[in-house]
Amino acid sequence: MNYTADDFHFHYVATYSLLIQSDFQHDHLVVMDEDKQVLIYMTYDNLNPSAEAIKILSLPFKRVCVNLPHQDLIWVPSEVYHETEKGLYVDYFAESDINRILSKDIEVLGVTALFQYDQLLYSRWKKIFAEADFVPYFEVVINQAQSYVPIQGEVLGVHLYDDQADIFLFVNGEMRLYNTFEIATPDDLSYFVLNVFKNFSIKDKVSKILLSGTSRDSEWFERLNRYAEWVDMIQPKEKWITNNSEVSQRLEELNVLADSVSCV
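In short, a report on the structure. All of these numbers come straight from a predicted model, not from anything done at the bench. (Residues numbered from 1 in each chain as written. Predicted model: local features only at pLDDT ≥ 70, side-chain atom pairs only at ≥ 80, totals over all residues. Heavy atoms only, no water.)

1. Overview of helix 3 (residues 137–145)
- Where burial is concerned, most of helix 3 is hidden: eight out of the nine residues are buried.
- Among the residues making up helix 3, those that are buried are Tyr137, Phe138, Glu139, Val140, Val141, Ile142, Gln144 and Ala145. (Buried < 20%, exposed > 50% of the residue type's maximum accessible area, 1.4 Å probe, protein only. Helix = DSSP H or I, 4+ residues; strand = E, 2+ residues; numbered from the N terminus.)

What follows is the structure, given as structure tokens:
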């Protein structure tokens, strides 16, 4: 899909922001002005970008933020983590290069996330936008989920992208699990959700499931509805402005991208 608002003007590009959500199959580009009005929205197969997309990626935007999935992820209590001891965790990662292990403090949980980006995906965007801000999906997902998690009870979260699902679990307000699974069908998703239920002795249903990266009309929502009293769609805190109904519908699935700038 290619959308350009009438209010987009090339001579104002230096005042616009470019937000990019990229995974292993697709790129989503959003250009917005200082009032958060969506001026451009594009999505395409990242192995075959359109001529229009290539042109947009060559423009001198005021700010560029790139939202990427993680390759590996482990959690360490912040009180015992020291950046100088990063080498202690190398064995947990597919790539042993310590310089590729990044860290993010998740202050609300009191933990530090250690992770890597896929090297090809990260290098591709770094080459285009050397000064861009890079934000991992999980950081935004966890920050967005906080306002939906009650002090009591079990809440399951699912963030969907590409052919993957990040599944996380909060029990009595504390995060007990955050893991990534490969899924292709709702049956795959059911398998992993039921495994989480089994491993944490959850019977029948949880009180709430948080769903992200898709829409309420999706087959994913319908399937997850079997396992919860209520399925809540995570909404971004930042609100984009657009008068185009089709664009607005597409942006529902980019809730993580909308809030990625606030994590920088």
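The rest of the description comes next.
2. Focus on the nonpolar core
- Within the largest apolar cluster, 62 residues are counted, with the highest numbers of intra-cluster contacts made by Leu29, Trp125 and Trp240.
- In contact with Leu29, other than residues within four places in its own chain, are Leu18, Leu19, Ile20, Ile40, Tyr41, Met42, Tyr44, Ala53, Ile56, Leu57 and Trp125.
- Leu169, Leu189, Leu211 and Leu224 belong to the second largest nonpolar core, which has 26 residues in total. (Core = buried A, V, L, I, M, F, W, Y, C linked by side-chain atoms within 4.5 Å. Contact = heavy atoms within 4.5 Å.)

3. Quick word on the pairing of strand 12 (residues 174–182)
- Judged from the eight bridges that link them, strand 11 (residues 164–171) and strand 12 form a sheet pairing that is antiparallel. When the bridges of strand 12 are listed, Ala165 appears paired with Phe181.
- Two successive antiparallel strands, strand 11 and strand 12, enclose a turn made up of two residues, where Asn172 displays a positive phi of approximately 50 degrees. (Pairing = 2+ DSSP bridges.)

4. Here we look at the packing of aromatic side chains
- Tallying each qualifying case throughout the model produces 17 aromatic pairs.
- Summarising the aromatic geometry, the rings of Tyr122 and Phe134 are spaced 4.9 Å apart at their centres and angled 55 degrees between planes, so their arrangement reads as tilted. In this pair, Tyr122 is assigned in helix 2 (residues 119–128) and Phe134 in strand 9 (residues 133–136), connecting sequence segments twelve residues apart.
- Ring-pair connections join several aromatic residues into one group, and the members of that group are Trp75, Phe115, Tyr117, Tyr122, Phe134, Phe138, Phe168, Phe170 and Tyr178. (Phe/Tyr/Trp six-rings, centres within 6.5 Å; stacked < 30°, edge-to-face > 60°.)

5. Here's the deal with the sheet that holds strand 8 (residues 111–117)
- Ordered in space as 6-8-7, the three strands form an open sheet in which the pairing is antiparallel. Among the strands making up the open sheet, the edge pair consists of strand 6 (70–77) and strand 7 (102–106). Across the sheet, the axes of successive neighbouring strands diverge by a mean angle of 25 degrees, strand direction being ignored.
- In this sheet, strand 8 lies alongside strand 6 in antiparallel orientation, the contact comprising seven bridges. Counted as the bridge partner of Ile74 is Leu114 from strand 8. (Axes fitted to C-alpha atoms, helices over the stretch in contact; angles between N-to-C directions.)

6. Overview of unusual backbone geometry
- Even without being a glycine, Ser201 presents a positive backbone phi close to 55 degrees.
- In this fold, Ser201 is placed in the loop between helix 4 (186–199) and strand 13 (208–212).
- Positive phi, normally seen in glycine, also occurs at Asp204, with a value near 65 degrees.
- With respect to the secondary-structure elements, Asp204 resides in the loop between helix 4 and strand 13.

7. Examining the sheet that holds strand 1 (residues 2–4)
- Strand order in the open sheet formed by six strands is 1-4-3-2-5-9, and the pairing between neighbours is mixed. Strand pairing shows two members of the sheet lacking a second neighbour, strand 1 and strand 9, which therefore form its edges. Going from strand to strand, the sheet's axes swing by 15 degrees on average, the running direction of each strand aside.
- When strand 3 (residues 26–32) meets strand 4 (residues 38–45), the two strands line up antiparallel, connected through seven bridges. Its bridge partner being in strand 4, Val31 is matched across the sheet by Ile40.
- In this fold helix 3 packs onto strand 2 (17–22), strand 5 (63–68) and strand 9, with an angle of close to 65 degrees to the strand it touches most, strand 9.

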